[in-house]
Amino acid sequence: MKLLNFRKNNKVNFLLYALAAITYFLSTGKNAIPITGWLAPIFIILFINSHPKKKVALPLVFLLIFSLFSIKWTGYIPAPFPIYQIVCFGYCLFIFLPYLLHGLLYKKNSFLTTLLAPLSVVAVEYAWSIFSPFSSWGVTAYSMLGSPELLQVLSITGVYGVSFVLYWLGSSVGYFVDNQFSINIIKKPALVVGTLLLLIFVYGNYRLHFHKAKSDAVKVAGITVTLSPASLIFHDIDYVSEVGKPITSFDQLFLDLYILNKVFSPDQKPKVQEWFRQTQDSLLQLTEREARNGAKIILWSEGNGVVLKEDEERFLKQISEVAKAHKIFLLAALNTKELGNKLSENKIVAFDQNGNKVFQYLKSNPVPGVENSVAGDKKVRTVQTPYGRIASVICFDADFPQMIRQASKSNADILLVPAYDWEDINPYHTYMSSLRGIENGFSVVRQASNGWSAAFDNRGRQLSGMDYNTAPEKVTISYVPTKASKTVYAIAGDWFALAAVAAWLLLIIWRIAFKRQLVIQPSHQYTGKAVAQV
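Computed from a prediction, not measured in an experiment: that's the story for all the values here.

### Brief notes about the overall build of the protein
- In terms of regular secondary structure, the protein is built from 17 helices and 15 strands.
- Residues counted as buried form 57% of the 534 residues belonging to the protein.
- By element, 62% of the accessible surface of the protein is carried by carbon and sulfur atoms, the whole surface being about 22,500 Å².

### Details of the packing of aromatic side chains
- Tallying each qualifying case throughout the model produces 29 aromatic pairs.
- Relative to Tyr91, the ring of Phe69 has its centre 5.2 Å away and its plane inclined at 40°; by these criteria the two rings are tilted. One end of the pair, Phe69, is in helix 3 (residues 54–72); the other, Tyr91, is in helix 4 (residues 81–105), and 22 residues separate them in sequence. Like Tyr91, Phe69 is buried.
- Consider the rings of Trp73 and Tyr428, whose centres lie 6.2 Å apart with planes at 90°: the pair is edge-to-face. Residue Trp73 is found in the loop between helix 3 and helix 4, and its partner Tyr428 is found in helix 15 (residues 428–440); the two are separated by 355 residues along the sequence.

### Notes on the confidence of the model for the protein
- Averaged over all residues, the pLDDT of the protein equals 89, while 89% of them reach at least 70.
- Low pLDDT, under 50, characterises residues 229–237; the stretch is placed with 25 contacts to residues that sit more than four places away or in other chains.
- For the stretch residues 517–534, pLDDT sits under 50, and the model shows 29 contacts to residues farther than four places along the chain or on other chains.

### Overview of the pairing of strand 5 (residues 345–351)
- When you tally the buried positions in strand 5, you get 6 out of 7 residues, the bulk of the element.
- Here strand 4 (residues 329–337) pairs with strand 5 via 7 bridges, running antiparallel. Opposite Ala333, over in strand 5, you have Ile348 as the bridge partner.
- Here strand 5 runs beside strand 6 (residues 357–362); their pairing, made up of 5 bridges, is antiparallel. When the sheet's bridge partners are listed, Val349 is paired in strand 6 with Gln360.
- Hairpin connection between strand 5 and strand 6: a loop of 5 residues separates the two successive antiparallel strands, and Gly355 in this loop has a positive phi of roughly 80°.

### Quick look at the pattern of salt bridges
- Following the criterion strictly, the structure yields 15 salt bridges and no others.
- With a shortest N-O distance of 2.9 Å, Lys363 and Glu302 are connected by a salt bridge. With Lys363 in the loop between strand 6 and strand 7 (381–385) and Glu302 in the loop between strand 2 (297–300) and strand 3 (305–308), this pair connects stretches of sequence that are 61 residues apart.
- Look at Lys363 and you get buried, because its relative accessible area is 1%.
- On the basis of relative accessible area, Glu302 is assigned to the buried category, the value being 7%.
- Salt bridges linked by common partners bring Lys309, Glu312, Glu345 and Lys347 together as one network.

### A short note on the sheet that holds strand 11 (residues 452–456)
- With mixed pairing, 6 strands are arranged side by side in an open sheet as 7-8-9-10-11-12. Looking along the sheet, the strands with just one partner apiece sit at the ends: strand 7 and strand 12 (462–467). Averaged over all neighbouring strand pairs, the angle between strand axes comes to 15°, with direction disregarded.
- The sheet contact formed by strand 8 (residues 388–392) and strand 9 (residues 414–420) spans 3 bridges and is parallel. Considered in strand 9, the bridge of Ala391 is made with Leu415.
- Strands in contact with helix 15 are strand 10 (443–449), strand 11 and strand 12; relative to strand 11, the strand with the most contacts, it is inclined by about 15°.

### As for the nonpolar core
- Counting residues in hydrophobic clusters, the biggest one holds 145 residues, and the most contacted among them are Trp300 and Ile319.
- In terms of residue count, the dominant contributor to this core is helix 8 (residues 160–178) (12 residues).
- Sequence-distant contacts of Ile319, that is, excluding residues within four places in its chain, are made with Leu284, Trp300, Leu330, Ala332, Leu334 and Phe351.

### Some points on the side chain of Arg446
- Structurally, the position occupied by Arg446 is in strand 10.
- Given a relative accessible area of 1%, Arg446 falls into the buried group.
- Here Arg446 is in contact with Cys395, Val417, Ala419, Asp421, His429, Thr430, Ser433, Trp452, Ser453 and Ala454, once residues within four sequence places are set aside.

### A short note on the pairing of strand 3
- On strand 3, burial covers both faces: Gly305 and Val307 on one face and Val306 and Leu308 on the other are all buried.
- Relative to strand 4, strand 3 is paired through 4 bridges, and the arrangement is parallel. Counterpart to Val306 in the pairing with strand 4 is Asn335.
- In this view, the connection linking strand 3 to its parallel neighbour strand 4 by way of helix 13 (residues 312–326) has right-handed handedness.

### Observations concerning the packing of helix 2 (residues 34–50) against helix 4
- Running from N to C, helix 2 and helix 4 point in directions that differ by 35°, and their axes come no closer than 10 Å. In this structure, helix 2 meets helix 4 at a crossing whose hand is right-handed. Residues Pro41, Ile44, Ile45, Ile48 and Asn49 of helix 2 pack against Tyr99, His102 and Gly103 of helix 4.
- Residue composition of the contact of helix 2 with helix 4, grouped by class: 5 nonpolar, 3 polar and no charged.

### So, helix 17 (residues 495–512)
- The first and last C-alpha atoms of helix 17 sit 26 Å apart over 18 residues, in line with the 26 Å expected at 1.5 Å per residue.
- By the burial criterion, the buried members of helix 17 are Phe496, Ala497, Ala500, Trp504, Leu507, Ile508, Trp510 and Arg511. Buried residues in helix 17, looked at end-on, bunch into an arc of 155°, giving them a common side.

### Notes on the packing of helix 8 against helix 9 (residues 183–210)
- One way to put it is that helix 8 packs onto helix 9 with a least axis distance of 11 Å and a crossing angle of 160°. In this view, helix 8 runs roughly antiparallel relative to helix 9, as classed from their interaxial angle. Relative to helix 9, the crossing made by helix 8 is left-handed. Within the contact between the two elements, helix 8 uses Phe164, Val165, Trp168, Leu169, Ser172, Tyr175 and Phe176 and helix 9 uses Ile185, Ile186, Pro189, Ala190, Val192, Val193, Leu196, Leu197 and Ile200.
- The residue inventory of the contact of helix 8 with helix 9, partitioned by class, reads 15 nonpolar, 1 polar and no charged.

Procedures and definitions
Residues numbered from 1 in each chain as written. Predicted model: local features only at pLDDT ≥ 70, side-chain atom pairs only at ≥ 80, totals over all residues. Heavy atoms only, no water. Helix = DSSP H or I, 4+ residues; strand = E, 2+ residues; numbered from the N terminus. Buried < 20%, exposed > 50% of the residue type's maximum accessible area, 1.4 Å probe, protein only. Areas by Shrake-Rupley, 256 points an atom, 1.4 Å probe, with all protein chains shown as cover. Phe/Tyr/Trp six-rings, centres within 6.5 Å; stacked < 30°, edge-to-face > 60°. pLDDT = per-residue confidence, 0-100. Contact = heavy atoms within 4.5 Å. Pairing = 2+ DSSP bridges. Salt bridge = Lys/Arg side-chain N within 4 Å of Asp/Glu carboxyl O. Axes fitted to C-alpha atoms, helices over the stretch in contact; angles between N-to-C directions. Core = buried A, V, L, I, M, F, W, Y, C linked by side-chain atoms within 4.5 Å. Right-handed = clockwise from strand over helix to strand, strands pointing away. Left-handed = near helix turned anticlockwise from the far one by under 90°. Nonpolar A, V, L, I, M, F, W, Y, C, P; charged D, E, K, R; others polar. Expected span 1.5 Å × (residues − 1). Arc of directions from axis to C-beta. Parallel < 35°, antiparallel > 145°, perpendicular 65-115°, else oblique.

In structure tokens:
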């Protein structure tokens, strides 16, 4: 009985394409709706399977992905429009590849070929996170931030497990439809896919609701001081032509010195030092206040401690004295500028409760095309404290899963992330960092200028939050667990991605080089035998 005959039906093809477009648009980027993350691969694959001409269907799928991705991700990549479109085109080729391989190599009488799309997306996302300067940005798992039960699988597979599950469900539904939901054909494949989904959600619910890790909590304060209310020096800059778009006035001086590398005259220098000094004093005063209020760990937002290179030693001495006087672990985020040198030092300097400098870390991954700062050595710093082992990176660094795993290998309990965001990526970027905690089993505290600050436990549950744009005072107070829990990902790393890449290559070789497929006998009694076809 033909329940669903989609093939060569133009009205159904049009409907599937429309549903694919709607769900894909709603499943990616900021404010993604989790249910559409499940639905988009289903509708896209159903459209590819049902269309009689793959030479037409596949370009239409790429057009859908590229056009909607370009619209939805506007502002995420701070670049002029032509460069933005080139970046989008290149990235969309990667997104399109799993669908391309599915369209070319999938066979409706071979359930094994349903693995082409999920294995391809894992291979693509793994390669992207390793070789792309944007690392894990755009990975499918970030579209499922509203599905905490599903995200717990990251503790086993890393971000790639979510991608695999969503795409395999999509290709499996396509297989079930192609085979008219014939029980004799689909019962075992459906059992396999259904069991996998059940295990994932049972595991996720267990981690979230039944597995209670015993741990003390430490009071953590995140501090941000708003920068200049107006440029004190360069009033005549056309920022639309200089940086591509209008900017708010409080960012002007920062951009003058740190981005545009403007040089002021000697008589203007005292003005800059005075403004920097005001910011430094405000940071120290708020730090002392929160220490008196019981905070044991205090961090500043990215680059908030603006300072000229010649004044840095004096400022660091003050920071050390505050840490010692109040017996706190203080993570000072500095942006040190040497006049005339285009590259500033975007860094963190950590002080223990005795005022000793325990490490210094330069941001390892300055945002491509945006930041003029010295790149660090990509080695995550950690230090033992009375409140657990503390690790720290800066903002964009936290989007590099392989790099952050260094922290779990060093047995970190808490990851501190000073950050600086902009409106288009707020609060999306902060919630992205919560996935590093699920993967590695530690808590994450992210203090962001111009964005959403938050703390998360090692299950990704939010412990606190502060909106920079509405909070009268930019201070985030969190009570953070001091003990991490080991995860499979923390121990074994990208084992799942590597296994998927190996299986993907073998499957492609099997389909292309040998052109063979396994076809299960569609009889009422399964014989356990298979027919090999060319």
